[in-house]
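Residue-level structural notes
Each chain, letter by letter, is given below.
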Amino acid sequence: MNMLWQIRREFAAFFYSPVAYVVIGASALLNAVMFYLIVRFLTAGAPAPGAPMEMLFSWVLFWLVVLILTPLITMRSFAEEKHSGTLETLTTAPVSDTRIVLAKYISCLSFYTIMWLPTLLYPAILAFYSTIDMGPVLSGYLGTFGIGAMLAAVGILCSALTRNQIVAALITFAVMMALFLSGLFRWVDGLSAQSFFEYIDLMGHMEDFAKGIVDTRRLVYYASVAVFSIFATVQVLGARRWNG
Amino acid sequence: MIKVEHLTKRYAAVDAVDDISFEIGKHEIVGFLGPNGAGKSTTLKVLTCSHGASSGKVTIDGKDIFEDAEGVKTVIGYLPENVPLYPELRVREYLTYRAGLKGISRAYRNDAINKSIARCRIKDVEHRIIGQLSKGYRQRVGLADALLADPKILILDEPTVGLDPNQIRDVRELIKALGRERTVILSSHILPEVEAVCSRVIIINKGKIVGQGRPGELRAQLQQRGQSIVVEVKDPNSVAFETLKRIPGIESITVKNSPSQFQLIWTPGNNSAANICEQIFDAAVARGFKLLGMQSIAQSLEDIFVEIITQESDAAATADFAATDGQARPTEPKERSK
């Protein structure tokens, strides 16, 4: 009950800042442009490279939205509380560090999820004009959520490392880009760890998810990174006690 | 209620708190007094489980703070230095959130908030945005938050910093009233404040406790160390100066505000103030200089404070000197024997 209370406050806190509206607005706009382009592209008469929703989840623009907007969602979670000193009142309230971190994580992930809600219109629109295969659409959303669950945890960890929101966003962006780009090493020939990079290639993951392929190894990967990041955040919060 | 044993808190290079021990009983108002950077805030942060300690043991309300931090947090209401608040929330919203966070059940929440609001007299701003409040109101909102869960122990870090004199008086009255039914610890670098509010004072300097007692006791302690008499002399000259200096029981003599005023520090020992004054008078008559006035001065807590702190650094300096001295001696004979 206490935890739910905390999540509610953390979630409400987004909307006291203009960042929330900018993030939701930007994602809605970018996704709309993307959808428009995809539909125009597919109706141009050339042989279609894929289904519209499949492209929505695996085009470059998708990554632009994920990689640029997610750090903006998570940047303030700890950095702001550290900056204003409210972290002290928060940590001296009778709640555990784990609960503080989880509340922030869940509220960030909820916000991320809400950011994607407007895109539900697109399958609805498509379904209105033609029949669409709902399987790949659902798995596409599953992948989007999974990657969000991982990146939100990474973002919170980065935010706990600094008292400056901009710095938090930049570190998060750098770490996310590193995670994202390291997957591209799978295309480098002659690397002994090639198959490893294949496992963590986010772009490849989303291409599969968008096609309707749900590989649980990928979900386990996201969950592992998320759990590790949350654990590390709790440790960072605890370490603050010892180093001032 | 609170028992601190050999608490040490070390930051990278400095000992912020160095092996301090003290005990605080029920319904005491204890003031931590010390210059800025003395380790007051650090001590309070350790007590509130906001910071860890390098070593030592702290028991609050029978619970070890390093083992049962959450249990300890429920009995403490804490007002941190600078009163961090969420500026975007309204006062009542903020208190409601904090009440939920402190686990006050829904049934009692409104009562608890109303009580806190009434106590801290912030009823008229309860629907205003915190970011737009004056410093005085913000301070009281912080205090209202600390009081929400009706804690047994109230820890206030510099509760009156940045307030105007009226607000300071209000806050002091409030603290006194609160101290009647709970334990209050506050920190301050302002002496009259501690003297006015606290039943006991702990003076901290450079991470160490350098004195403690009731404000009255501390004054008595210093009176044992030396009291002063200010003597005003007509046409002051070296004769007068030397004569006064030689009076038995006088420790030191300094020229005060004007050249005709001398401040004499004397040790009580066998003397009384009247006795000393008599001797001064006799000496003046014998050596033929005229006294315009004599005044025995009881020292304020402020003087004690300054004295204890300067003595402490003097003592440290002598200790350093003694240490190097001690090292120098054994090497000297060796060289000589060569």
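Worth saying up front: this structure is predicted, and the values here are computed from it rather than measured.

**With respect to the interface of chain A and chain B**
Contact with chain A, which involves 25 residues of that partner, is made by 29 residues of chain B. Buried surface at the junction of chain A and chain B, both sides included, amounts to about 2,600 Å², of which 56% is carbon and sulfur. It is A:Trp5, A:Arg9 and A:Pro94 that lose the most area in chain A upon contact with chain B, and together they represent 26% of the buried surface on that side. The interface formed by chain A and chain B holds 1 salt bridge in total. Put simply, A:Arg9 and B:Glu88 hold a salt bridge, and the shortest N to O gap is 3.3 Å. Viewed at the interface, chain B and chain A are joined by 7 residue pairs in polar contact (both at pLDDT 80 or more). Secondary-structure elements contributing two or more residues to the side of chain A that touches chain B are helix H1 (2-14), helix H5 (76-84), helix H6 (86-91) and helix H13 (216-243) of chain A.

**Section: the layout of surface pockets**
Residue and element names in this part refer to chain A. Volume-wise, the largest pocket comes out at about 360 Å³. Contributions of two or more residues to the lining of the largest pocket are made by H5 and H6. Looking at the lining of the largest pocket element by element, the count peaks at 4 residues for H5. Broken down by class, the residue content of the lining of the largest pocket amounts to 3 nonpolar, 8 polar and 7 charged.

**Some remarks on the nonpolar core**
Among the nonpolar cores identified, the biggest contains 110 residues, and A:Trp63, A:Tyr105, B:Leu95 and B:Ile122 are the most heavily contacted of them. Contact partners of A:Trp63, with chain neighbours within four places excluded, come to A:Ser58, A:Ile68, A:Ile147, A:Phe180, A:Leu202, A:Met203 and A:Met206.

**As for the pattern of salt bridges**
Pairing is possible between side chains that carry opposite charge, provided their charged atoms lie close to one another. In total, this model carries 23 salt bridges over all chains according to the counting rule given. A:Asp201 is paired through a salt bridge with A:Arg186; the nearest N and O atoms lie 3.0 Å apart. A residue pair is termed long-range when its members are at least 10 positions apart, and A:Asp201 in the loop between helix H11 (194-199) and helix H12 (202-211) and A:Arg186 in the loop between helix H10 (165-182) and H11 qualify at 15 residues. The class of A:Asp201 is buried, set by a relative accessible area of 2%. Between B:Arg119 and B:Glu181 there is a salt bridge, with its nearest N and O atoms 3.1 Å apart. Placement of the pair is B:Arg119 in helix H4 (residues 106-119) and B:Glu181 in the loop between helix H6 (165-179) and strand E8 (183-188), with a sequence separation of 62 residues. It is possible to trace a salt-bridge network through shared partners that takes in A:Asp208, A:Asp215, A:Arg217 and A:Arg218.

**Considerations on the confidence of the model for chain B**
All names here are of chain B. Confidence in the prediction of chain B, expressed as mean pLDDT, is 82, and 85% of residues score 70 or more. Taken element by element, the predicted model of chain B shows its lowest mean pLDDT in helix H11 (residues 301-337) (49) and its highest in helix H3 (residues 91-101) (94). In the model, residues 316-338 has pLDDT below 50 throughout and makes 0 contacts with residues more than four positions away in sequence or in other chains.

**Remarks on a nonpolar patch on the surface**
A contiguous nonpolar surface patch, about 390 Å² in accessible area, is contributed by A:Leu29, A:Val33, A:Tyr36 and A:Leu37. Along the polypeptide, A:Val33 turns up in helix H2 (residues 18-42).

**Notes on the side chain of A:Thr92**
Summarising the element assignment, A:Thr92 is placed in the loop between H6 and helix H7 (97-116). Of note is the side chain of A:Thr92, whose polar atom sits 3.3 Å from the backbone oxygen of A:Thr89. If sequence neighbours within four positions are ignored, A:Thr92 has contacts with B:Thr48, B:Ser50, B:Lys73 and B:Tyr78.

**Remarks on the domain arrangement of chain B**
Once the domains are mapped, chain B shows domain 1 (2-219) and domain 2 (221-297). Taking only C-alpha atoms, the centre of domain 1 of chain B and the centre of domain 2 of chain B are 45 Å apart.

**A short note on the sheet that holds strand E2 (residues 15-24) of chain B**
Residue and element names in this part refer to chain B. Strand order in the open sheet formed by 4 strands is E2-E1-E4-E5, and the pairing between neighbours is antiparallel. Edge strands, defined here as strands with exactly one partner in the open sheet, are E2 and strand E5 (63-64). Relative to E2, strand E1 (residues 2-10) runs antiparallel, the two being bridged by 6 bridges. What sits directly across from Val4, in E2, is Phe22.

**With respect to empty space enclosed by the protein**
Residue and element names in this part refer to chain B. As enumerated under the stated definition, the model contains 3 cavities of 30 Å³ or more in all. Its volume calculated, the largest cavity comes out at about 50 Å³. The biggest single contributor to the lining of the largest cavity is H6, with 3 residues. Across the lining of the largest cavity, the residue classes tally to 3 nonpolar, no polar and 4 charged.

**Some words on the sheet that holds E8(B)**
All names here are of chain B. An order of E6-E7-E8-E3-E9-E10 is seen for the 6 strands of this open sheet, with the pairing classed as mixed. A strand with exactly one partner marks an edge of an open sheet, and here the two such strands are strand E6 (76-79) and strand E10 (208-213). Adjacent strand axes in the sheet meet at a mean angle of 15° when their direction is disregarded.

**Notes on the pairing of strand E9 (residues 200-205) of chain B**
Residues and elements named next belong to chain B. Of all 6 residues that make up E9, 6 are buried, and the element is covered over most of its length. Side chains Arg200, Ile202 and Ile204 project from E9 onto one buried face, and the interleaved Val201, Ile203 and Asn205 project onto a second face that is buried too. Bridging between strand E3 (residues 29-33) and E9 involves 4 bridges; their strand directions are parallel. Among the inter-strand pairings, Gly31 is bridged to a residue of E9, identified as Val201. In this structure, E9 lies alongside E10, joined through 5 bridges in antiparallel fashion. If you follow Ile203 over to E10, its bridge partner there is Gly211. Hairpin connection, E9 to E10: the antiparallel pair is bridged by 2 residues, and Lys206 has positive phi, about 50°.

**Some thoughts on the packing of helix H9 (residues 134-160) of chain A against H12(A)**
Residue and element names in this part refer to chain A. Where H9 meets H12, the axes come as close as 6 Å, and the angle between the chain directions of the two elements is 150°. As far as their axial angle goes, H12 and H9 are roughly antiparallel. Contacts between H9 and H12 pair Pro136, Ser139, Gly140, Leu142, Gly143, Thr144, Ile147 and Met150 from the former with Leu202, Met206, Phe209, Ala210 and Lys211 from the latter. When the residues that make up the contact of H9 with H12 are grouped by side-chain class, the tally is 8 nonpolar, 4 polar and 1 charged.

**Regarding the environment of A:Arg99**
All names here are of chain A. On the secondary structure map, Arg99 appears in helix H7. By relative accessible area, Arg99 is classed as partly exposed at 24%. Leave out the neighbours within four places in its chain, and Arg99 touches Asn2, Met3, Gln6 and Pro94.

**Digging into the packing of aromatic side chains**
The final tally for this structure, using the stated rule, is 21 aromatic pairs over all chains. Relative to A:Trp59, the ring of A:Phe41 has its centre 6.5 Å away and its plane inclined at 55°; by these criteria the two rings are tilted. Note that A:Phe41 is positioned in helix H2 and A:Trp59 in the loop between helix H3 (52-58) and helix H4 (60-74), a separation of 18 residues in sequence. Overall, A:Phe41 belongs to the partly exposed group, its relative accessible area being 42%. Classification of A:Trp59 as partly exposed rests on a relative accessible area of 27%. One aromatic cluster is present, built from ring pairs that chain together A:Phe57, A:Phe62, A:Trp63, A:Tyr112, A:Trp116, A:Tyr141 and A:Phe180. Sitting over the face of the ring of B:Tyr97, A:Arg9 holds its NZ or CZ atom 5.5 Å from the ring centroid. We note B:Arg109 situated over the ring of A:Trp5; from NZ or CZ to the ring centre the distance is 4.3 Å.

Cut-offs applied
- Residues numbered from 1 in each chain as written.
- Chains lettered and ligands numbered in written order.
- Predicted model: local features only at pLDDT ≥ 70, side-chain atom pairs only at ≥ 80, totals over all residues.
- Heavy atoms only, no water.
- Contact = heavy atoms within 4.5 Å.
- Buried area = accessible area lost by both parts, 1.4 Å probe.
- Salt bridge = Lys/Arg side-chain N within 4 Å of Asp/Glu carboxyl O.
- Polar contact = N/O pair within 3.5 Å; in protein donor to acceptor, adjacent residues only side chain to side chain.
- Helix = DSSP H or I, 4+ residues; strand = E, 2+ residues; numbered from the N terminus.
- 1 Å grid on protein atoms, 1.4 Å probe; cavity = no way out; pocket = protein on both sides within 12 Å on 5 of 7 lines; lining within 4 Å.
- Points joined across faces, edges and corners; volume = space filled by probe spheres on them.
- Nonpolar A, V, L, I, M, F, W, Y, C, P; charged D, E, K, R; others polar.
- Core = buried A, V, L, I, M, F, W, Y, C linked by side-chain atoms within 4.5 Å.
- Buried < 20%, exposed > 50% of the residue type's maximum accessible area, 1.4 Å probe, protein only.
- pLDDT = per-residue confidence, 0-100.
- Patch = residues over 30% accessible without salt bridge, like charges linked within 9 Å, V, L, I, M, F, W, Y side chains within 5 Å.
- Areas by Shrake-Rupley, 256 points an atom, 1.4 Å probe, with all protein chains shown as cover.
- Domains from an automatic or database assignment.
- Pairing = 2+ DSSP bridges.
- Axes fitted to C-alpha atoms, helices over the stretch in contact; angles between N-to-C directions.
- Parallel < 35°, antiparallel > 145°, perpendicular 65-115°, else oblique.
- Phe/Tyr/Trp six-rings, centres within 6.5 Å; stacked < 30°, edge-to-face > 60°.
- Lys NZ or Arg CZ within 6 Å of the ring centre and 35° of its normal.

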